[in-house]
Amino acid sequence: MALEQVNGDTLAAARKVVAVHINYPSRAAQRGRTPAQPSYFLKPSSSLALGGSPVERPAGCELLGYEGEIALVIGKAARRVSIEDAWSHVAAVTASNDLGVYDLRYADKGSNLRSKGGDGFTPVGPALIPADAVDPSKLRIRTWHNGDLVQDDTTEDLLFPFARLIADLSQLLTLEEGDIILTGTPAGASVAAPGDVLEVEVGTLDGSLTTGRLATTVEQGTTAFADFGAQPKVDDLQREEAYGSREAAGLAAVEPVLTPELKAKLESVATATLSSQMRKRGLNNVSIDGLQATRPDRRVVGVARTLRYVPNREDLFKTHGGGFNAQKKAIDSVNEGEILVMEARGEKGTGTVGDILALRAQVRGAAAIITDGGVRDYSAVAGLEMPTYFANPHPAVLGRRHIPWDTDITIACGGATVQPGDIIVADSDGILVIPPAIAEELVADCIQQEREETFIFEMVKQGNSVDGLYPMNSEWQARYQEWEAGNHND
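Let me begin by describing the structure that accompanies this report.

### A short note on a nonpolar patch on the surface
Reasoning step 1: Nonpolar side chains collect at one region of the surface, where V460, V466 and Y470 lie side by side and expose about 290 Å² of accessible area between them.
Reasoning step 2: Positionally, V466 belongs in the loop between α13 (439–461) and α14 (474–489).
Reasoning step 3: The class of V466 is partly exposed, set by a relative accessible area of 46%.

Shown next, in the form of structure tokens:
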């Protein structure tokens, strides 16, 4: 069928452009966060451009990011429509490229106006596919960067199907005829340089309908920003976000706080030995006290992530307790081998985690959960492979005593200060917080101490008195050196 081409009238009809932050599971996995509800930002209609138009990377900017997206064109006004009725308000779908400069993200405070609102930063086209001719859950989007396919995904498993986005937006604002909704980008978005050519195509899964390729050529801007506004500024975090990974950005890999070798060493020494060595270093307040474990048979070594609860205040719980709150964000961003440590102020009169969120943490690969508050659904939580350390079981919901407030900050748990990145060692003897800067030296001394204690144990077993042996005097030290040399030669 012949498809209508996007033209100047199409762009002129768009009074607003609404963009969705994260909507594809592949992108959510890449970003390390999965939203419970869709969130949006506005792009000015002046950012719209036709296919074939060049886009300028502003002077002084390094990171012009591209994101291939499916654009929905509203055909009739939608205000407080249902999900069931929402698709009938869409006239057409087309391809779009949600362009932006990461160099200005810091200045936007979440609005994305400067970073994504520039002229030409929202090319659309080239053809419009009638909405009534397609199943919105069976569309494909592809993006090419200088001829290389870099994005290829479908709408079959979106976090928020298109009809839900339209219905959700219409609850608060009127979607008007000609308005454009950008529906999110899959994994694979990256950075383009002057001279690069970007192409985006949307079509049906069976290939029967396609928008054709929306082509955009990047040009270098020559006019510098005026000195009375925010200037372009980037760091390695923005480079990583723009390219999708540190490797793609050409950045050196971040050495893990807890290497496999260090983890194996920490697993090999007793908690009591670690505690005594930290006391020798003047660290006397590094144990998380008063907790019990769902899996006392397990020994856990991992890196801390943190979550803080504040005392419940009803007005604040309304704004911070619901939706994708700090508790859910912490659970949904914990990674393989990490330990989520919760500050609950020792409050035992309610739960701080239950079976569903504990299971989610286990699925994400968390090594453990530690809370100095209560646990709900105790039997189910105790049945998980992942250990949970807690003060007591309690049936009450979170909101009785707590508001989940913030994540990845310095907290207090069970009488100990815990920072994100601290190394946690936990077993039936207790829970220790190890500053990562001393971990290598600490565990080396622990291994040495346990070798000496093995010798002492053997000597006592042979009938020797502990006098002068435990701790060893110079005579026993000399005998230990001989014993150690002999064992190393075996």
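### Considerations on the pairing of strand β6 (residues 68–74)
Reasoning step 1: Of all 7 residues that make up β6, 7 are buried, and the element is covered over most of its length.
Reasoning step 2: On β6, burial covers both faces: G68, I70, L72 and I74 on one face and E69, A71 and V73 on the other are all buried.
Reasoning step 3: Two strands pair when backbone bridges link them, and β6 and strand β7 (residues 90–97) are joined in this way by 7 bridges, in the antiparallel orientation. By the bridge assignment for β7, I70 is matched with A95.
Reasoning step 4: With 3 bridges connecting them, β6 and strand β12 (residues 180–182) associate as antiparallel partners. Across the sheet, residue V73 finds its bridge partner in β12, namely I180.

### Overview of the sheet that holds β6
Reasoning step 1: Sheet architecture is open: 7 strands sit in the order β2-β1-β12-β6-β7-β9-β3, paired in mixed fashion. Bordering the open sheet on either side are β2 (40–43) and β3 (48–50), each of which pairs with just one other strand. Along the sheet, successive strands turn relative to each other by an average axial angle of 35°, direction set aside.

### Some remarks on unusual backbone geometry
Reasoning step 1: The omega angle of the peptide bond from G125 to P126 is -5°, so this bond is cis rather than trans.
Reasoning step 2: The backbone phi angle of N146 is positive, close to 50°, even though this residue is not glycine.
Reasoning step 3: Tracing the backbone shows N146 in the loop between β10 (139–145) and β11 (148–154).

### Overview of the packing of helix α7 (residues 260–268) against α13
Reasoning step 1: At a closest axis distance of 10 Å, the pairing of α7 and α13 adopts a crossing angle of 40°. Between α7 and α13, the angle is such that the two are oblique. Here the hand of the crossing between α7 and α13 comes out left-handed. Along its contact with α7, which presents L262, K265, L266 and S268, the element α13 presents A439, E440, V443, I447 and E450.
Reasoning step 2: The residue makeup of the contact of α7 with α13, split by class, is 5 nonpolar, 1 polar and 3 charged.

### As for the nonpolar core
Reasoning step 1: Within the largest apolar cluster, 34 residues are counted, with the highest numbers of intra-cluster contacts made by I70, L72, W87, F162 and I166.
Reasoning step 2: Secondary structure elements with two or more residues in this core: β1 (17–20), β6, β7, β9 (122–130), β10, α5 (162–170) and β14 (197–204).
Reasoning step 3: It is α5 that contributes the most residues to this core, 6 residues altogether.
Reasoning step 4: Beyond its immediate sequence surroundings of up to four residues, I70 is in contact with Y24, V93, T94, L139, I141, T155, F162, I181, L182, T183, G184 and V202.
Reasoning step 5: Residues I331, L340, M342 and A358 belong to the second largest nonpolar core, which totals 21 residues.

### Re the layout of surface pockets
Reasoning step 1: Taken as a whole, the largest pocket holds about 710 Å³ of empty space.
Reasoning step 2: Lining the largest pocket are 30 residues, and of these H21, I22, R33, S39 and R105 sit closest to its centre.
Reasoning step 3: Where the lining of the largest pocket is concerned, the elements lending two or more residues are α2 (25–31), β8 (100–101) and α4 (113–116).
Reasoning step 4: Here the residues of the lining of the largest pocket are counted per class, giving 10 nonpolar, 10 polar and 10 charged.
Reasoning step 5: One number sums up the size of the second largest pocket: a volume of about 390 Å³.
Reasoning step 6: Around the second largest pocket sit G32, V254, E255, P256, V257, R305, S333, N335, E338 and D408, which together line it.

Thresholds, definitions, all that
Residues numbered from 1 in each chain as written. Predicted model: local features only at pLDDT ≥ 70, side-chain atom pairs only at ≥ 80, totals over all residues. Heavy atoms only, no water. Patch = residues over 30% accessible without salt bridge, like charges linked within 9 Å, V, L, I, M, F, W, Y side chains within 5 Å. Areas by Shrake-Rupley, 256 points an atom, 1.4 Å probe, with all protein chains shown as cover. Salt bridge = Lys/Arg side-chain N within 4 Å of Asp/Glu carboxyl O. Helix = DSSP H or I, 4+ residues; strand = E, 2+ residues; numbered from the N terminus. Buried < 20%, exposed > 50% of the residue type's maximum accessible area, 1.4 Å probe, protein only. Pairing = 2+ DSSP bridges. Axes fitted to C-alpha atoms, helices over the stretch in contact; angles between N-to-C directions. Parallel < 35°, antiparallel > 145°, perpendicular 65-115°, else oblique. Left-handed = near helix turned anticlockwise from the far one by under 90°. Contact = heavy atoms within 4.5 Å. Nonpolar A, V, L, I, M, F, W, Y, C, P; charged D, E, K, R; others polar. Core = buried A, V, L, I, M, F, W, Y, C linked by side-chain atoms within 4.5 Å. 1 Å grid on protein atoms, 1.4 Å probe; cavity = no way out; pocket = protein on both sides within 12 Å on 5 of 7 lines; lining within 4 Å. Points joined across faces, edges and corners; volume = space filled by probe spheres on them.

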